Amino acid sequence: MSLPFRTISDAAAALAGKKISAVELTRASLDAIARENSRLNAFLTVMDEVALAEAKERDAELARGDVRSILHGVPVAVKDVFCTKGVKTTCGSPIFANYVPDHDAAVVERLRQAGAVIVGKTHQHELAYGVTSNNPHYGPVRNPVDTDRIPGGASGGSGAAVAAGLVLMAMGSDTGGSIRIPASYCGCTGLKPTTGRVSRYGVVPLDFTLDHMGPLAANSRDCALTLQLLAGFDPRDESSSRAPLDRYAPPVQASLEGLRIGIPRKFFYERLQPEVESSLAALLKKAESMRARLVEVEPPDMAAINAIGRVILLSEASAGMAGHMGDRSKFGADVLALLDQGRLLPATDYVNAQRLRRIYMRKFDRLFEQTDCLITPCTPVTAPKIGQGMVEIGGVEEDVRLATTRLARPINVLGLPALSIPCGTDANGLPVGAQIIGRRFDEKTVLALGAALEAG
Amino acid sequence: MSRDYKALARALAPDIPDENLPGVIGPLEKLEDLFRPLAKEMEAETEPAFVLVLPTEWFA
């Protein structure tokens, strides 16, 4: 059995109305994790005692009428790349098996200041370097919809924990789709904010210029409520932005009248599983029925942007892990192959990739002269089976990892905000995700459109 | 002209064992085929997406 509430808003209302206490809600979350974790393997560390102690403090504050935020007393989780003071932070790797940070990540600090109760650290792909969450050291994370299938990754435990109703929000990190892909495969909502919007301080990095931090939750509204508490300048993160913040919570009945939604058919709507294609078609029809204007747009060479992103990721990830390459036994085969690829790339390729990135950012920005946001599929297929290496799409075989990241990775290169929302299921009941991409720092429009489509 | 990744792999310290090379070189060569032609699009003065900005407080 999962939590008695599906959304943060519902839980917050029940807490405010004293229909449930923070301790009771936290205990319900911990009980659900205890029941489900042997099936899903979504958590690496469960923080029972700390969480219950914090929940008790939150209840005392509630009794005094002190409410810190909408997350006050709400059970949440963070991926195991976020440093947690006094609690081990493994990154899903034996290299960090005994790493106990002496500080909290900025995101963890802000969640705690907001009164959220962190119940545990979610499982993930090794070092966040992959999209299957089939971790050779700590076992595979399983998709709650079908436990023979991957939840996506790298934030697979966060996606599984939210979709199974074990917590109301779980933080993920996203370097090439690692928040949006688990959201798509597990059937929840995931937001990758604009580069610089949410602090990376205290997160063990995979990649210095592609990593983004964001929430996975039941819906766009909950992602918006969480973003409101996490967004903002942090001098400890060199990439942190001083761009003004918005009020992200979407209106209850948002109108889409006049909203120009770009549909980039080329690349984004090619080579899709038929049910992904039909689910997206139905979603676009719904948007049109809500009086949005659909605008066909032609994106720049997205395969080029993916190649640029892969060169950057291979180079930066290998640079970060260079000090650990002496003991190859500490890496799984897939991660080791990627790290070796990065070691062989010349520095000139890396610099040229960062130069090309600037060119393609400008090219892609031109799409927003005609549109306010874009809708694309998030993943071209639904969740593959655990251990599956290839997927067949339209009679063509494609590597699971490349297929899974094909539509999500370019958005990390471009630094734009992107949201994955559920928009249907395939014949096996597996979720299909749609991706909403916005202008730089325009999370507000992205979240409002997501909320309207989820409600409509 | 493609690189001799096998020779480069052996020259690294620590090196990449021969038995690991098939899973390393094949994907890299495919990526190179996509990536290398793109570099020809660039003007000489194109800067990287991220440039060095020295914080003023370093010199205060």
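A quick note: this is a predicted structure, and the numbers were derived from the prediction, not measured.

Notes on the overall build of chain B
Point 1. Scanning chain B for helices and strands turns up two helices and zero strands.
Point 2. For 60 residues, the compact-globule formula gives about 10 Å, and the C-alpha radius of gyration of chain B, at 18 Å, lies well above that figure.
Point 3. Each principal axis of the C-alpha atoms in chain B carries an extent, and together these give about 55 × 30 × 15 Å.

Re the interface of chain A and chain B
Point 1. Contacts between the two partners involve 23 residues from chain A, matched on the other side by 23 residues from chain B.
Point 2. Among the elements of the structure, α10 (302–320), α11 (333–344) and α12 (347–365) of chain A are those that each provide at least two residues to the side of chain A that touches chain B.
Point 3. A total of ten residues in the side of chain A that touches chain B trace back to one element, the largest contributor, which is α12(A).
Point 4. When grouped by side-chain class, the residues that make up the side of chain A that touches chain B number eleven nonpolar, five polar and seven charged.

Topic: the pairing of strand β12 (residues 390–393) of chain A
Residue and element names in this part refer to chain A.
Point 1. Here β12 pairs with strand β13 (residues 396–399) via four bridges, running antiparallel. Across the sheet, the residue bridging to Ile 393 is Val 396, located in β13.
Point 2. Once β12 ends, the chain turns through two residues before running back antiparallel as β13, passing Gly 394 with a positive phi of about 60 degrees.

Some points on the environment of B:Gly26
All names here are of chain B.
Point 1. Turning to its location among the elements, Gly 26 is positioned in helix α2 (residues 22–35).
Point 2. Taking the C-beta count within 10 Å as the criterion, Gly 26 has 13 such neighbours and is therefore assigned partly exposed.
Point 3. Sequence spacing of Gly 26 and Met 42 is 16 residues, and the spatial spacing of their C-alpha atoms is 27 Å.

What about the packing of helix α2 (residues 22–40) of chain A against helix α3 (residues 48–63) of chain A?
Residue and element names in this part refer to chain A.
Point 1. The contact between α2 and α3 brings their axes to 8 Å, and the two run at 155 degrees. It follows from the interaxial angle that α2 and α3 lie roughly antiparallel. Viewed along their axes, α2 and α3 form a crossing whose handedness is right-handed. Of α3, the residues touching α2 (which contributes Ala 22, Val 23, Thr 26 and Leu 30) are Asp 48, Ala 51, Leu 52, Ala 55, Lys 56, Arg 58, Asp 59 and Leu 62.
Point 2. In terms of residue class, the contact of α2 with α3 is built from seven nonpolar, one polar and four charged.

Let's talk about α10(A)
Point 1. Taking 1.5 Å per residue as the helical rise, α10(A) with its 19 residues ought to reach 27 Å, and the 27 Å between its terminal C-alpha atoms agrees with that figure.
Point 2. Counting buried positions along α10(A) gives 15 out of 19 residues, so the element sits mostly inside the fold.

Structural notes on the confidence of the model for chain B
Point 1. When pLDDT is averaged across chain B, the result is 89; 97% of the residues are at 70 or more.
Point 2. We note a pTM of 0.97 for the whole complex and an ipTM of 0.94 for its interfaces.

Comments concerning the sheet that holds strand β2 (residues 75–79) of chain A
The strands that make up a sheet are held in pairs by hydrogen bonds between backbone atoms, and each pair lies either parallel or antiparallel.
Residues and elements named next belong to chain A.
Point 1. Pairing in this open sheet of eleven strands is mixed, and the strands run β1-β3-β2-β6-β8-β7-β14-β15-β11-β9-β10 from one edge to the other. Strands with a single pairing partner mark the edges of an open sheet, and in this sheet they are β1 (43–46) and β10 (293–296). With direction set aside, neighbouring strand axes in the sheet form an average angle of 30 degrees.
Point 2. Docked against the sheet, helix α5 (residues 156–163) engages β1, β2, β3 (117–122), β6 (169–174) and β8 (212–217), running at close to 155 degrees with respect to β6.

Quick look at unusual backbone geometry
Note on backbone geometry: most residues besides glycine have negative phi, and most peptide bonds are trans.
Point 1. The residue after A:Gly153, namely A:Ala154, is reached through a cis peptide bond having omega 10 degrees.
Point 2. Along the polypeptide, A:Ala154 turns up in the loop between β5 (139–140) and α5.
Point 3. Backbone torsion omega between B:Ala13 and B:Pro14 reads -5 degrees, so that peptide bond is classified as cis.
Point 4. Tracing the sequence through the fold places B:Pro14 in the loop between α1 (5–11) and α2.

Some words on the nonpolar core
Residue and element names in this part refer to chain A.
Point 1. Counting 152 residues, the largest nonpolar core has Val 76, Val 107 and Ile 118 as its most contacted members.
Point 2. If you tally residues by element for this core, the top one is α10, at ten residues.
Point 3. Sequence-distant contacts of Ile 118, that is, excluding residues within four places in its chain, are made with Met 47, Ala 51, Val 76, Ala 77, Val 78, Val 108 and Leu 111.

Some remarks on the environment of B:Ala11
Point 1. When you line up the elements, B:Ala11 lands in helix α1.
Point 2. For the pair formed by B:Ala11 and B:Leu38, sequence separation is 27 residues and the distance between their alpha carbons is 28 Å.

Some words on the environment of A:Val295
All names here are of chain A.
Point 1. Within the secondary structure layout, Val 295 lies in strand β10.
Point 2. Residue class for Val 295 comes out partly exposed when judged on the 15 C-beta atoms lying within 10 Å of it.
Point 3. Distance from Val 295 to Asn 135, taken between C-alpha atoms, is 41 Å for residues 160 residues apart in sequence.
Point 4. Not counting the four nearest positions on each side in its chain, Val 295 is found in contact with Arg 260, Ile 261, Gly 262, Ile 263, Gln 370 and Thr 371.

Details of α3(A)
All names here are of chain A.
Point 1. Between its first and last C-alpha, α3 extends 22 Å over 16 residues, near the 22 Å set by a 1.5 Å rise per residue.
Point 2. Looking only at α3, the buried set comprises Ala 51, Glu 54, Ala 55, Arg 58 and Asp 59. Mapping the buried residues of α3 onto a view down its axis gives an arc of 150 degrees, with all of them on the same face. Across α3 from its buried face, at more than 90 degrees, point the exposed residues Glu 49, Ala 60 and Ala 63.
Point 3. Buried-residue contacts for α3 involve α2 and β3.
Point 4. Of the residues one or two after α3, Gly 65 is the one with positive phi, at around 85 degrees.

A short note on the packing of α11(A) against α2(B)
Point 1. Where α11(A) contacts α2(B), the two axes come as close as 9 Å, and the packing angle between them is 55 degrees. When the axes of α11(A) and α2(B) are compared, the pair comes out oblique. Pair α11(A) / α2(B) crosses with right-handed handedness. Contact residues: A:Ala337, A:Asp340, A:Gln341 and A:Leu344 in α11(A); B:Gly23, B:Val24, B:Pro27 and B:Leu28 in α2(B).
Point 2. Among the residues making up the contact of α11(A) with α2(B), the classes are represented as five nonpolar, two polar and one charged.

Focus on the pairing of β2(A)
Residues and elements named next belong to chain A.
Point 1. Most of β2 sits out of view: five of its five residues are buried.
Point 2. Here β2 shows a buried face lined by Pro 75, Ala 77 and Lys 79 and a second buried face lined by Val 76 and Val 78.
Point 3. With five bridges connecting them, β2 and β3 associate as parallel partners. Counterpart to Val 78 in the pairing with β3 is Lys 121.
Point 4. Handedness of the β-α-β unit built from β2, helix α4 (residues 106–113) and β3 comes out right-handed.

Procedures and definitions
Residues numbered from 1 in each chain as written. Chains lettered and ligands numbered in written order. Predicted model: local features only at pLDDT ≥ 70, side-chain atom pairs only at ≥ 80, totals over all residues. Helix = DSSP H or I, 4+ residues; strand = E, 2+ residues; numbered from the N terminus. Rg over C-alpha atoms; globule rule 2.2 N^0.38 Å. Contact = placed C-beta atoms within 7 Å. Nonpolar A, V, L, I, M, F, W, Y, C, P; charged D, E, K, R; others polar. Pairing = 2+ DSSP bridges. Buried ≥ 20, exposed ≤ 12 C-beta atoms within 10 Å, placed from the backbone. Axes fitted to C-alpha atoms, helices over the stretch in contact; angles between N-to-C directions. Parallel < 35°, antiparallel > 145°, perpendicular 65-115°, else oblique. Left-handed = near helix turned anticlockwise from the far one by under 90°. Expected span 1.5 Å × (residues − 1). pLDDT = per-residue confidence, 0-100. Core = buried A, V, L, I, M, F, W, Y, C linked by C-beta atoms within 7 Å. Arc of directions from axis to C-beta. Right-handed = clockwise from strand over helix to strand, strands pointing away.

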